[in-house]
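The lines below spell out each chain.
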Amino acid sequence: SPAPPFSLLPPEVLLKVFRYLSPEDLCRCGQVCTSWSDLAKTGSLWKHLYPVRWARGDYYRGPPDDLDQEPDDEWVKSREDEGRAYQEWDEDADIDESEEESKDSPAISAVQREKRLLNGMIQNLLPTVGPSVRSIVLAYSSAVSSKMVRQILSLCPNLTHLDLTQTDVTDSAFDSWASLGACRTLEHLDLSGCEKISDLTLKRLSQGLGDLVAAKSRPDQRTKLPRGPAPPIAPRSPRVRQALVFRRRPGGRAGAPSRVWVLDPAELADIEDAAEWRHRGGAAEGRGFPETDVQLPAPPGGMCCCRRSRRRGLRTNAASYWQQLAPAGEARCGHSPCCAGEAPQRTVGALCEPPVKGGAEFRTKGPEERECWPGTGARRTERQEPRRVLRLLSLSGCYQVTDLGLRALAQRGGLPRLEHLNLSGCLFITEAGLQDLVSVCPALNDEHFYYCDNINGPHADTASGCQNLQCGFRACCRSGE
Ligand code: FES
């Protein structure tokens, strides 16, 4: 019998056809045969991912800049209703039932579809196309977990746009950024409404964006960069310690030592990791640092002014931050009066070329894009010079953020390209912390600079006020007035 006409087409022509297909149809094509499966995993077909929309039948695949930016109120309300319904159902469901699709509630089945889609992407798609992915929009997702975000970020090292608006993610989602240079291409980070985010995420972000100061002091770094393929980036797994335990026999004599695996609590990321390790027989311990057991190092120069606050909550956050930074020898706040010699770099102009607003040079030139032809893969990513190209950062409603987080961002050369900064609803930041960050953000556009109306901070006459006054569902010190 004659060969089917599609099998006669060369792969580059088939790829052109594939560009017109929705993600759902692409996945169906990937099930036809091995060569179509490989072709459907071409990196350029998966540059911009919108799992929340896709799970609801909206298959937009263009760049986020071309999208109508703000979803309308009705869409947001539908997602919130779905999230509530799913949460109630999930709490009531047995383990077995939770795997079955709910037939009765379209809201619950939409979230279930989204969850399946996310798991499928993480397991089957991103290990191949991850380095080609530039944008991931997970705004208003009820299904995404910190563990999923952590896996996604490990598999997509060249992201420029990440939107996690109004999701339930915690600091552990950004563990992979703790290694220097892990998110050097990131230009747009929206964490609006992520109430569990704290200073730790900002510290990891600052580390992941790279260090302009260190790069400046090593001018020959470029020539020393290793050539050749980068090692594959594997999802992070908790580190374990092996310990010998001597068990006492009933007669009172010590028996032969036996080995046990002990999960390092510093590496334990979230409850899902704990469950996984418990399932595998590990002795998982809780994450975090019991406050009474930890001796905090005294801040340089005695009690830091950053730790004085009207609110008790700030003290708690500050203590937690110190606890987490201290072991790494980074227990400093970056605030010039209390950290002599450790003040954030204020002369950004000396570290990088002056920014040109709206200019093409603002855009990150990502690593050379390669098509993932069958057998070649798209794993290779070039190591890049640190550029700290973040242009938009929204922490609206992230009320746990304090001056310590802002100063972590100000270190390593500041944010020389930052134009848009939203700190509405960040209740614990002060004028001093804002000033330290803003002083290393020369491109900041006051029109897109939002912070609490009650702070008489930098650019007070020209900056925009708090955006959460009328919001109703994001933190604001004046909500209810
Ligand atoms: Fe103070 Fe909104 S956080 S006015």
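Since we're looking at a predicted model, the values are computed, not measured. Each chain carries its own residue numbering, running from 1 in the direction its sequence is written. In view of the model being predicted, local features appear only for residues whose pLDDT reaches at least 70, and side-chain atom pairs are presented and counted only at 80 or more, with totals across whole chains, interfaces and linings using the full set of residues.

Trainee: Sorry if this is basic, but what is going on with unusual backbone geometry here?
Mentor: For residues besides glycine, phi is generally negative; the peptide bonds are generally trans as well. Notably, tyrosine 140 is not glycine yet its phi reads approximately 65°, a positive angle. On the secondary structure map, tyrosine 140 appears in the loop between β2 (135–137) and α8 (146–155). The backbone of glutamine 166 sits at a positive phi, close to 55°, despite the residue not being glycine. Numbered from the N terminus, helices here are DSSP runs of H or I no shorter than four residues, and strands are runs of E no shorter than two. Topologically, glutamine 166 is positioned in the loop between β3 (161–163) and β4 (188–190).

Trainee: Where do I start with the environment of aspartate 211 in this structure?
Mentor: Take aspartate 211: it is sitting in the loop between α9 (199–208) and α10 (212–216). Under the C-beta neighbour-count criterion, aspartate 211 is labelled partly exposed, with 18 such atoms within 10 Å. Throughout, a pair of residues is in contact if the C-beta atoms placed from their backbones lie within 7 Å. Not counting chain neighbours up to four residues away, the residues in contact with aspartate 211 comprise Leu180, Pro386, Arg412 and Gly413. Each residue is classed by its C-beta neighbour count within 10 Å, where at least 20 other C-beta atoms makes it buried, 12 or fewer makes it exposed, and intermediate counts make it partly exposed; the C-beta atoms are placed from backbone geometry.

Trainee: How should the sheet that holds strand β9 (residues 449–450) be read in this particular structure?
Mentor: The pairing of strands in a sheet happens through backbone hydrogen bonds and is either parallel or antiparallel. The seven strands lie next to each other as β1-β2-β3-β4-β7-β8-β9, forming an open sheet whose pairing is parallel. Lying at the two open borders of the sheet, with one neighbouring strand each, are β1 (48–49) and β9. Pairing geometry for β3 and β4, over three bridges, is parallel. By the bridge assignment, histidine 161 is partnered in β4 with histidine 188. What makes two strands pair is DSSP finding at least two bridges between them.

Trainee: When you look at the packing of helix α14 (residues 403–410) against helix α15 (residues 431–438) in this model, what are you seeing that I'm missing?
Mentor: The axes of two packed helices give the description: the angle between them and the distance between them. In this analysis, axes come from line fits to C-alpha atoms, helices being fitted only over the stretch in contact, and the angle between any two N-to-C directions falls in the range 0 to 180 degrees. One can describe the packing of α14 onto α15 by two numbers: an axis separation of 8 Å at closest approach and a directional angle of 10°. When the interaxial angle is binned, α14 and α15 end up roughly parallel. Our pair here, α14 against α15, has a crossing hand that is left-handed. On the side of α14, the interface is formed by Asp403, Leu406, Arg407, Leu409 and Ala410, while α15 contributes Ala432, Gly433, Leu434, Asp436 and Leu437. A breakdown of the residues in the contact of α14 with α15 according to their chemical character gives six nonpolar, one polar and three charged. By the definition adopted for this analysis, an angle is roughly parallel if under 35 degrees, roughly antiparallel if over 145, roughly perpendicular if from 65 to 115, and oblique otherwise. Crossing handedness is read from the near helix: turned anticlockwise from the far helix by less than a right angle, it gives a left-handed crossing, and turned clockwise, a right-handed one. For this classification, the nonpolar set comprises Ala, Val, Leu, Ile, Met, Phe, Trp, Tyr, Cys and Pro, the charged set comprises Asp, Glu, Lys and Arg, and every other residue, Gly included, is treated as polar.

Trainee: What am I meant to see in α9 here?
Mentor: Each α-helix turn comprises 3.6 residues. Residues three or four places apart therefore point the same way. Counting buried residues in α9 gives ten out of ten residues, a clear majority hidden from the surface. Along α9, the residues classified as buried are Asp199, Leu200, Thr201, Leu202, Lys203, Arg204, Leu205, Ser206, Gln207 and Gly208. Glycine 210 sits one or two positions beyond α9 and adopts a positive phi of about 100°.

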